[in-house]
Amino acid sequence: MAKHKTPLLDQLESGPWPSFVSDLKQQAEVRAKNKEKIEFQIPEDVVEDLLGILELSFKHGRTHWKHGGIVGVFGYGGGVIGRYCDQPEQFSGVAHFHTMRVNQPAGKFYTAEYLRQLCDLWDFRGSGVTNMHGSTGDIIFLGTTTRQLEEIFYEMTHNLKQDLGGSGSNLRTPSDCIGQARCEYACYDTQALCYHLTQEYQDELHRPAFPYKFKFKFDGCPNCCVASIARADMSFIGTWKDDIRIDEEAVQAYIGGEIAPNANDHSGRDWGAFDIQKEVIDLCPTECMWMEDGKLKIDNKECNRCMHCINVMPRALRIGKDTGLSILVGAKAPILDGAQMSSMLVPFVKAEEPYDEIKEVIEAIWDWWMEEGKNRERLGELMKRQGFQKLLEVTGIDPDPRMVQEPRSNPYIFWKEDEVPGGFTRDINEFRKYHQR
Amino acid sequence: MAFVSSGYNPDKPMENRISDIGPRKYDDFYPPVIAKNKGKWLYHDVIKPGVLVHVAESGDKVWTVRCGGARLMSTTHIREICEIAEKHCDGHLRFTTRNNIEFMVADEKKVDPLLKDLESRKFAGGSFKFPVGGTGTSITNIVHTQGWLHCHTPATDASGPVKATMDVLFDYFKEHKLPAKLRVSLACCLNMCGAVHCSDIAILGYHRKPPMLDHEYLDKMCEIPLAIAACPTAAIKPAKVEIGGEKVNSVAVNEPRCMFCGNCYTMCPSMPLADQEGDGIVIMAGGKVSNRISAPKFSKVVVAFIPNEPPRWPKTTDVIKQIVEAYEKGANKYERLGEWAERIGWERFFEKCELEFTHHLIDDFRDPAYFTWRQTTQFKF
């Protein structure tokens, strides 16, 4: 018998899509029965109360969670988000219901054995409710009490060899796409770079010293499956410099209809026979492809690597061999000053250990942002406030037309004194010799 | 419920402390076929919705079965995922960036039993536990935020509207029938933890009433300068207010200036703005993050407000369905929703989607607004 009636939530149990309500109910039941005789360290009825308070929100059209308090583990300033409900008498099980962010493995590959260890820990010391995964990428443990935080951290680090992720004004848990692990489009090893930088910057990740949050995201190619260009203060997007590799036989197989285009992605509808002219060549944004004597030709120098032709014909076209990544900077969600996407800063850099060139860019940007950034000012906002030139100055990167969509359309250039011959200091009396008042 | 110590000693927090070790290393968890062929994949095919095969230079193949799920997940459910992984995939699995679960096998014969097993599992309430799909030109899982389940500033719920929307879009999850992929995202307030601002369709929670002021407690609970500084439109100023004959320090809000972001509330709990009638959903459309053919795009506001209608948000799901169906009918092969809207023109988009264009949809927020007005005589009747 459920502790709270949930007539509104119950309506979300029907329908085909997996119901989180059904899942929470089964979890509540498992805890109530407690067949494994777990010595629960937080209230046994925590999930019942979670359902109860959510039902109340469905009724009121408002949340019942209060602000986070300052809770955490010793020596860290992030990874734990305090959470308390505003109806603790009615829902005592979730009176204290803190979140812990657990740093996910790059690529989000798991073994059942490891996931069960996480579950064991979380059933014992928390609610057993998670997010797989949170928006930034972490495994999210939803709901435990203050006293359990250190205990969980201790067991996690000692037994699971696992650390917390980031929260607050620090480096947020970096995340990546599946990359070379299982994708032929990946231009660099996203998992290796994601892991390397996560390890390199553990201090920045755990101890907030920044003006605001800072995110790294790693996309293996311009398809941008982890949306780094929209979500990361620094977006690392794989690319290549040389020629797209063409397998002419496979091109013919696509033309002949032996291979379905776009990896069979359009299989649910009859789009007619594949037409390479219409579907590939005419859609190329730089018009750098054509057919010649029955063969597909690409003027690679003119290609901007949008990936369309490769996506349409993955068996015939492959990314080049001289691969690396572009670094774009400054993306953020809307608050405070409107959404921004990342802007191109480093058109191409090799992605090879120990990634020194990449780290130089990161650290130069951090030095500038930590010096000049205002409280709660994201990198993208600082870039807008102080200008792209300033970004080039602090990173020591040379200007390049690849950094802009177009040159400025106003001539209001802030010339610096050292850019103008003779400097700004002049003699008015000398001037007056030739120009009367 | 006796307290059980982990070994942590609160009197000596640094004793035996392990910190700064980071996540587990990714290759601890690779299935053997992934470890062997990493960086040497040749191509892939989507055999049918939800089932991919990747072929490596070595000739090895890996079949992936993708299934959807709620990102809000209990350990009971995770244990079931583990059981499936052990039964079919030697204990290996992964999650995608859009909260799908992927089971991988290196032997084609294992695919059908895995599919059958996944599709047969249902929750007590009748919904699928592991619906297979979400590949190619389908509508895959919705990425979302916490909502009323765990957040202090939401203007709508997250898991609820997502469940309701995915129920309505379920056929699109199961089939490859759209012109291109279509990504739906939800963020429960405009802080957008979900970063929905570049999605084909974004469901965004929005407050519409300025904060209430709990004058009696405001100065006791908040740093007033921080609350003032948090406001992006400088709508908050310090004020003295009389409470029970006593003057107290508080703030005043210039209400017409408020953009309802809730930043002040994040800084100061005495300024709550949530409201049953005020809060609801904004629908945005036409964004993307891929560089394919056209550059990444922001989503545009196409419906300024829909009230919250728990538990199933019918108006919201109707609008989404309208947009998806109009796109399905009108777009060219490979054309993303935003590319379609730009090709036919936004005036035509509203007509095709049967959406009303209201004054709220014309940008009036700071400089970039100008660039969204029409500076040409080229338009369609």
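No experiment lies behind these values; they were computed from the predicted model shown. (Residues numbered from 1 in each chain as written. Chains lettered and ligands numbered in written order. Predicted model: local features only at pLDDT ≥ 70, side-chain atom pairs only at ≥ 80, totals over all residues. Heavy atoms only, no water.)

J.: Summarise the environment of B:Tyr206; cite the residues concerned and give the values.
T.: All names here are of chain B. Looking at where tyrosine 206 falls in the secondary structure, it is placed in strand β8 (residues 201-206). Placed 204 residues apart in sequence, tyrosine 206 and alanine 2 show a C-alpha to C-alpha distance of 44 Å. Ignoring anything within four residues of it in the chain, the contact list for tyrosine 206 reads Ala155, Leu190, Met259, Phe260, Gly278, Asp279, Gly280, Val282 and Phe305. Within the structure, tyrosine 206 has its side chain in polar contact with the backbone oxygen of methionine 259 (distance 2.8 Å). (Helix = DSSP H or I, 4+ residues; strand = E, 2+ residues; numbered from the N terminus. Contact = heavy atoms within 4.5 Å. Polar contact = N/O pair within 3.5 Å; in protein donor to acceptor, adjacent residues only side chain to side chain.)

J.: Quick rundown of a nonpolar patch on the surface? Include the residues and the values.
T.: All names here are of chain B. Where nonpolar side chains cluster on the molecular surface, the patch consists of Phe357, Ile362, Tyr370, Phe371 and Trp373 and spans about 580 Å² of accessible area. Among the structural elements, phenylalanine 357 can be located in the segment after α11 (346-352). Judged by relative accessible area, phenylalanine 357 falls into the partly exposed class, the value being 46%. (Patch = residues over 30% accessible without salt bridge, like charges linked within 9 Å, V, L, I, M, F, W, Y side chains within 5 Å. Areas by Shrake-Rupley, 256 points an atom, 1.4 Å probe, with all protein chains shown as cover. Salt bridge = Lys/Arg side-chain N within 4 Å of Asp/Glu carboxyl O. Buried < 20%, exposed > 50% of the residue type's maximum accessible area, 1.4 Å probe, protein only.)

J.: Can you explain the state of the cysteines? Please cite residues and give values.
T.: Enumeration over the complete set of coordinates arrives at one disulfide over all chains. The thiol of A:Cys306 is unpaired, and the distance to the nearest cysteine sulfur, on A:Cys284, comes to 6.4 Å. Given a relative accessible area of 9%, A:Cys306 falls into the buried group. Left unpaired, B:Cys189 is separated from the closest cysteine sulfur, that of B:Cys188, by 5.8 Å. (Disulfide = S-S within 2.5 Å.)

J.: Could you give an account of the sheet that holds strand β4 (residues 72-74) of chain B, naming the residues involved and the relevant values?
T.: Across the sheet, which stays open at both edges, the five strands sit in the order β1(A)-β2(A)-β5(A)-β4(A)-β4(B) with antiparallel pairing between neighbours. On the outer flanks of this sheet lie β1 (80-81) of chain A together with β4 of chain B, each paired with one strand and no other. Both strand β4 (residues 129-132) of chain A and β4(B) contribute to a ladder of three bridges, which runs antiparallel. Pairing of A:Asn131 across the sheet is with B:Leu72, part of β4(B). (Pairing = 2+ DSSP bridges.)

J.: Which residues make up the sheet that holds strand β1 (residues 41-48) of chain B, and what values go with them?
T.: The six strands are arranged β3(A)-β5(B)-β6(B)-β3(B)-β2(B)-β1(B) in an open sheet whose pairing can be described as antiparallel. Whereas interior strands pair on both sides, the edge strands pair on one side only; in this sheet they are β3 (109-111) of chain A together with β1 of chain B. On average, each strand axis in the sheet is tilted by 30° relative to the strand beside it, whichever way the strands run. Taken together, the five bridges between strand β3 (residues 61-67) of chain B and strand β6 (residues 101-105) of chain B define a ladder with antiparallel strand orientation. (Axes fitted to C-alpha atoms, helices over the stretch in contact; angles between N-to-C directions.)

J.: Explain the environment of A:Gln180 to me, and be specific about the residues and the numbers.
T.: As for its placement among the helices and strands, A:Gln180 is situated in the loop between β6 (175-176) and α6 (190-200). Remark: the alpha-carbon pair of A:Gln180 and A:Asn223, spanning 43 residues in sequence, is separated by 14 Å. Sequence-distant contacts of A:Gln180, defined by excluding residues within four places in its chain, comprise A:Ala186, A:Cys187, A:Tyr188, A:Asp189, B:Lys38, B:Gly39 and B:Trp41.

J.: Let's hear about the confidence of the model for chain B: which residues, and what values?
T.: This prediction gives chain B a mean pLDDT of 96; 100% of its residues lie at or above 70. For this predicted complex, the interface score ipTM comes out at 0.97, alongside a pTM of 0.96. (pLDDT = per-residue confidence, 0-100.)

J.: How would you summarise the interface of chain A and chain B if you had to cite specific residues and measurements?
T.: Residue-level contacts link 142 residues of chain A with 140 residues of chain B. Summing both sides of the interface, chain A and chain B together bury roughly 12600 Å²; the carbon and sulfur share of this comes to 58%. Linking chain A with chain B are ten salt bridges, by the criterion used here. When the shortest N-O distance is used, the salt bridge between B:Asp45 and A:Arg315 registers 2.9 Å. Connecting chain A to chain B are 84 residue pairs in polar contact (both at pLDDT 80 or more). For the side of chain A that touches chain B, the element with the most residues is helix α4 (residues 112-125) of chain A, which contributes ten residues. Residue composition of the side of chain A that touches chain B, by class: 64 nonpolar, 45 polar and 33 charged. Judged from the three bridges that link them, β3(A) and strand β5 (residues 92-95) of chain B form a sheet pairing that is antiparallel. Paired with A:Thr111 across the bridge in β5(B) is B:His92. (Buried area = accessible area lost by both parts, 1.4 Å probe. Nonpolar A, V, L, I, M, F, W, Y, C, P; charged D, E, K, R; others polar.)

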